[in-house]
Amino acid sequence: MKTKKVILRRMTVLYVVFFVVIALGIVRSFAESGDTVHVGFNDGWNNTMTAPDSDNVGFIYELRTVRGTAYDIPVCGGGTDSVMVCARPALLDIKVEMPDGEQTTEMSSNTYAVLYVVLAALLYGSIFVILFIVIGSLRRSIRRDDVFQKSNIALTRTIGILLIAASLLFSLASWLEAKAAAPYFANGPYVIDTSFPFNMGEIMLGVLIFIIAEIFSISSMLSEEQKLTI
Amino acid sequence: MMAKRKMSLGELAERVDITPANMSILKTGKAKAIRISTLDAICRVLDCQPGDIIEYRPDTDE
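Since the model is a prediction, treat every value here as computed from it, not as a measurement.

A. Here's a closer look at the overall build of chain A. Of the regular secondary structure elements, chain A holds five helices and six strands. The secondary structure elements of chain A, listed N-terminal to C-terminal, are α-α-β-β-β-β-β-α-α-β-α. Burial statistics for chain A: of 230 residues in total, 32% are counted as buried. Within chain A, contacts between residues separated by at least 24 positions form 77% of all contacts whose residues are at least 6 apart in sequence. With an accessible surface of roughly 14700 Å², chain A has 67% of that area assigned to carbon and sulfur atoms.

B. Spatial organisation of the nonpolar core. If you look at the biggest cluster of nonpolar residues, it comprises 21 residues, and the most contacted ones within it are Ile127 and Ile159 of chain A. Of all the elements in the fold, those that place two or more residues in this core are helix H1 (2–30), helix H3 (104–143), helix H4 (150–181) and helix H5 (200–227) of chain A. With near-sequence residues (within four places) excluded, Ile159 of chain A lies in contact with Ile127, Ile130, Leu131, Val134 and Ile209 of chain A. In this structure, Met23, Ala41, Ile42 and Leu46 of chain B belong to the second largest nonpolar core, which totals 15 residues.

C. Summary view of the packing of aromatic side chains. Residue and element names in this part refer to chain A. Per the stated rule, a full pass over the model turns up five aromatic pairs over all chains. Note on Phe18 and Phe132: the rings are 4.9 Å apart at their centroids and 70° apart in plane angle, and the pair reads as edge-to-face. Of this pair, Phe18 sits in helix H1 while Phe132 sits in helix H3; the two residues are 114 residues apart in sequence, bridging distant segments of the chain. Overall, the relative accessible area of 15% leaves Phe18 in the buried class.

Thresholds, definitions, all that
Residues numbered from 1 in each chain as written. Chains lettered and ligands numbered in written order. Predicted model: local features only at pLDDT ≥ 70, side-chain atom pairs only at ≥ 80, totals over all residues. Heavy atoms only, no water. Helix = DSSP H or I, 4+ residues; strand = E, 2+ residues; numbered from the N terminus. Buried < 20%, exposed > 50% of the residue type's maximum accessible area, 1.4 Å probe, protein only. Contact = heavy atoms within 4.5 Å. Areas by Shrake-Rupley, 256 points an atom, 1.4 Å probe, with all protein chains shown as cover. Core = buried A, V, L, I, M, F, W, Y, C linked by side-chain atoms within 4.5 Å. Phe/Tyr/Trp six-rings, centres within 6.5 Å; stacked < 30°, edge-to-face > 60°.

Okay, structure coming up:
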């Protein structure tokens, strides 16, 4: 059947593209110019390596929601003689160093934030694994002419749950970081947004995946009915 | 009706031109629906009316 071959080919392309994108994403995250793991972990690691015997304890905060009062940072080389370019930071990475023993509140807050980030990263990892399983299972079930399996529906629902949970955990970690760093900006020109940073895009995606699972479920019912029509 | 006609399930399936597995689904009442063409073929082979082979039973869930 030609249509089945076309669908199978599409699923194979999807499978390969998914693998390549994940591999590239991981490589980019760990690369020196990467923006995810590099900033958080590599900076901390480099900091420890450059001053291993220091008595000070350092914290690096990645603040994603900063509100400046004005465009007050001149950008060098950003304009011509008659054009002046100024910036207002919206994202800020700050480094706080303090003597060992004075960091109890920072430590507990940061421990929870790191725990949530690690848990969220594990959830994202499991989402990728489940996506591999779902796409592989779809490919196999297309070959068997039995696409709408109950296991596929359950796995799709699981992806939705994990995506929303991981997104909320990342938001929780960012919120804890912002709350811990906010006192350092108390009298400065910048305000740290300490409201809970919901990632609406990911939550919407999770809900969309739930809707897809429901469509799968209805299709499974229709397919079963069609199979039992003699 | 099959007993009256002294016909086995396999023979009826063969004459109606459906698989024995599907005929078994029909006989055990597991089928969700029946095509008019299938009903027509069964009635023709068994020489009976649809009412002789299907009956209404209220759903136990309702």
